[in-house]
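Take a look at the letters that make up each chain.
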Amino acid sequence: MSTIKIPNYFIAAELAGLRSAVQPQQGLTNTQVETVSAAPSMYTKYTERALNRIAQEGTWIITQDFEGGDIYIRHQLTTDSDNGSLYYEDSVGVNIDEISYAINNVLYKYIGKRNATPGTVTQIYNDVFAILYERTVAPSDVVIGPALLGFNGLTVAIDDKQKDRINVDVNLDVPLPLNSIVVNLRAYASFNEASATQIEAVETDGVGRLLDASDYGA
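Just so it is clear, the structure is predicted and the values come from calculations on it, not from any experiment.

A. Structural detail: helix H5 (residues 90-107). In a regular helix each residue adds 1.5 Å, so 18 residues correspond to 26 Å; H5 covers 26 Å between its end C-alpha atoms and thus fits that length. Within H5, the full set of buried residues consists of Asp90, Ser91, Val92, Asn95, Ile99, Ala102, Ile103 and Leu107.

B. Main features of the nonpolar core. Ile103, Leu107, Ile124, Val128 and Leu132 are the most contacted members of the largest nonpolar core, which totals 15 residues. Residue assignment for this core shows that the elements contributing at least two residues are H5, helix H6 (118-134) and strand E3 (150-158). Those residues within four positions of Ile124 in sequence are excluded, and the remaining contacts are Leu107, Tyr110, Val156, Ile166 and Val168. Judged by nonpolar contacts, the second largest core, of 14 residues, contains Leu28, Ala55, Ile62 and Ile71.

C. The arrangement of H6 in detail. Taking 1.5 Å per residue as the helical rise, H6 with its 17 residues ought to reach 24 Å, and the 24 Å between its terminal C-alpha atoms agrees with that figure. Taken as a whole, H6 has its buried residues at Thr120, Val121, Ile124, Val128, Ile131 and Leu132. Mapping the buried residues of H6 onto a view down its axis gives an arc of 100°, with all of them on the same face. Set apart from the buried face of H6 by more than 90 degrees, the exposed residues are Pro118, Tyr133 and Glu134. Of the surrounding secondary structure, the elements contacted by the buried residues of H6 are H5, E3 and strand E4 (166-173).

D. Quick peek at the environment of Pro118. The residue Pro118 is located in helix H6 in this model. The exposure class assigned to Pro118 is exposed, which follows from its relative accessible area of 64%. Taking the C-alpha atoms as reference, Pro118 lies 9.9 Å from Val156; in sequence the two are 38 residues apart.

E. Geometry of the pattern of salt bridges. Within the structure shown, the criterion is met by five salt bridges. Note that Asp90 is salt-bridged to Arg19, the shortest N-O span being 3.2 Å. On the criterion of sequence distance, the pair formed by Asp90 in helix H5 and Arg19 in helix H1 (residues 8-21) is long-range, its members being 71 residues apart. Comparing Asp90 with Arg19, the two get one shared label, buried. The network of salt bridges with shared partners includes Glu98, Glu134 and Arg135.

F. Representation of a nonpolar patch on the surface within the structure. A surface patch of nonpolar side chains, about 480 Å² in accessible area, is lined by Ile4, Ile6, Tyr9 and Phe10. Within the fold, Phe10 resides in helix H1.

G. Structural view of the pairing of strand E2 (residues 71-75). In terms of residue burial, E2 counts as a mostly covered element, since four of its five residues are buried. Pairing of strand E1 (residues 61-64) with E2 involves four bridges; the strand directions are antiparallel. Within E2, the position partnered with Gln64 by the bridge is Ile71. Counted along the chain from E1 to the antiparallel partner E2, the turn is six residues long, and its residue Gly68 has a positive phi close to 85°.

H. Structural view of the packing of aromatic side chains. Inspection of the entire model under this criterion finds four aromatic pairs. Seen in terms of ring centroids, Tyr125 and Phe129 are 6.2 Å apart; in terms of plane orientation they differ by 20°. Their pairing is stacked. You can see Tyr125 and its partner Phe129 sitting in helix H6, four residues apart, about one turn around the helix. Residue Tyr125 is classed as partly exposed on the basis of its relative accessible area of 32%. The structure contains a cluster of three or more aromatic residues connected by ring pairs, namely Tyr125, Phe129, Tyr133 and Phe151.

What counts, and at which threshold
Residues numbered from 1 in each chain as written. Predicted model: local features only at pLDDT ≥ 70, side-chain atom pairs only at ≥ 80, totals over all residues. Heavy atoms only, no water. Helix = DSSP H or I, 4+ residues; strand = E, 2+ residues; numbered from the N terminus. Expected span 1.5 Å × (residues − 1). Buried < 20%, exposed > 50% of the residue type's maximum accessible area, 1.4 Å probe, protein only. Core = buried A, V, L, I, M, F, W, Y, C linked by side-chain atoms within 4.5 Å. Contact = heavy atoms within 4.5 Å. Arc of directions from axis to C-beta. Salt bridge = Lys/Arg side-chain N within 4 Å of Asp/Glu carboxyl O. Patch = residues over 30% accessible without salt bridge, like charges linked within 9 Å, V, L, I, M, F, W, Y side chains within 5 Å. Areas by Shrake-Rupley, 256 points an atom, 1.4 Å probe, with all protein chains shown as cover. Pairing = 2+ DSSP bridges. Phe/Tyr/Trp six-rings, centres within 6.5 Å; stacked < 30°, edge-to-face > 60°.

Have a look at this one:
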């Protein structure tokens, strides 16, 4: 079987397709990359420490730990590695993008076709609330869980200065991917307590034989 070396942009295209095929809130860390059969430079050229430093700079790494091992995504990172997990976890940004697109698609029908009135404010509030609430519940077959853990502070109001504008503001509680599990194992030994006490003296004859074994439970 011949081996073909492929440029990284082929893998990037595959990952983009994979990203669009799963739930927006689903992380891709530890996901296998099936189209690559070997990535030997990842375990012969780079140390674990070097890979950590590369990742800290916001590099999405496809790696292999040893010859014949799985090729997988080391961590689903964005290039914004300095502002916390809401920024460096790819799935968080994708999740928020999907929610914003859903809201934009619903609200677009109001532009130019409705007036900025209290009635329109109420309808927009109801539409946005429905979109967000729907994402707090996951179908039973979506094991990753819902796109939102909750939301609060939803406010819809006509702008104070630009009266032809309606502002929508809300706080979203988004789930973060599970990146580590800490297990503490504490070992101990438990023994049943037992004791044996000799009550009667055992007599033997001159050569060490019991005089009457039946007397001593033999």
